[in-house]
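# Reading the structure
Each chain is listed here by its residues.
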Amino acid sequence: MSKKIMILNGSPRENGNTKELIKSFTKGAQSIGNEVVCFDLQKMDIHACLGCCKGGKNLESPCVQKDDMLQIYKIYQQVDVIVIASPMYYWSVTGQLKCAFDRLFAVAEIDPNYVNPKKDCILLMPAEGTTESNFAPVKAYYEALLNHLNWKNIGIVYAGGNMNVGDILNKPEQLQQAEDLGKSIL
């Protein structure tokens, strides 16, 4: 049975290394019949969370703010897998991704106990650094996030050595790793 997959692309670069990982992952996922939708957050009008805790009253439009998150909310509640795709910025995800992810709290507010919809999750992350210690802060954040959301990690691609646009094109093994991860989603 095919899975529905949503990618949140936090990269500000339209055709950067993150986008190349996304393309490879998508190719693999679609090759076995999965449905994939990708949101390029940099191109969207998404405002920061207001911290008002007044969301959750409407399944179609859970947040009090009415911006491009409405497109994401419609898909988010239906998908099986969330792919967090972001270059590493100061040992974390980009602000674009964090902003959109914070806004998903409005969906949790629909449940009286603030329970998030159950999802499988994947992390795709290119970065300049290549060492395990370079990725350690991201790993800790990702694991804590999934633990608190009660989501299951089904794969990570840390793609080190990629600073400039296109660097990852010279690392076919990293792109293959992303494609293989896409193919593994059954």
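Described in the following lines is the structure provided in the data block. What you see is a predicted model; the values in this text were computed from it and never measured.

## Comments concerning the nonpolar core
The biggest cluster of nonpolar side chains holds 34 residues, and the ones touching the most others in it are Leu8, Leu41, Ile72, Ile82 and Ile84. Those elements that place two or more of their residues in this core are β1 (4-9), α2 (69-76), β3 (81-85), α3 (95-103), α4 (105-108), β4 (120-126) and α5 (132-149). Examining the composition of this core, we find that six residues originate from one element, α5, more than from any other. Apart from the residues lying within four places of it in its own chain, the contact partners of leucine 8 are Phe39, Leu41, Ile72, Ile82, Val83, Ile84, Ala85, Leu97 and Phe101. In terms of nonpolar packing, the next biggest core, distinct from the first, is built from 18 residues, Ile5, Ile7, Ala85 and Ala178 among them.

## A look at the packing of helix α1 (residues 17-31) against helix α6 (residues 172-183)
Pairs of packed helices are described in terms of their axes, by the angle between the two and the distance that separates them. Their axes nearest at 6 Å, the elements α1 and α6 cross at an angle of 35°. Note that α1 runs across α6; the crossing there is right-handed. In this structure, α1 uses Glu20, Leu21, Ser24, Phe25, Lys27, Gly28, Ala29 and Ser31 to contact α6, whose residues at the interface are Gln174, Leu175, Ala178, Glu179, Leu181, Gly182 and Lys183. Class assignment for the residues of the contact of α1 with α6 results in six nonpolar, five polar and four charged.

## Quick notes on the environment of tyrosine 158
Relative to the assigned elements, tyrosine 158 resides in strand β5 (residues 152-159). Between the C-alpha atom of tyrosine 158 and that of leucine 124, which follows or precedes it by 34 residues, the distance is 6.4 Å. Ignoring any residue separated from it by four or fewer positions in sequence, one finds tyrosine 158 in contact with Leu123, Met125, Phe135, Val138 and Lys139.

Rules used in this analysis
- Residues numbered from 1 in each chain as written.
- Predicted model: local features only at pLDDT ≥ 70, side-chain atom pairs only at ≥ 80, totals over all residues.
- Heavy atoms only, no water.
- Core = buried A, V, L, I, M, F, W, Y, C linked by side-chain atoms within 4.5 Å.
- Buried < 20%, exposed > 50% of the residue type's maximum accessible area, 1.4 Å probe, protein only.
- Helix = DSSP H or I, 4+ residues; strand = E, 2+ residues; numbered from the N terminus.
- Contact = heavy atoms within 4.5 Å.
- Axes fitted to C-alpha atoms, helices over the stretch in contact; angles between N-to-C directions.
- Left-handed = near helix turned anticlockwise from the far one by under 90°.
- Nonpolar A, V, L, I, M, F, W, Y, C, P; charged D, E, K, R; others polar.

Note that every value here comes from positions in space, so none of it alone points to a role or purpose.
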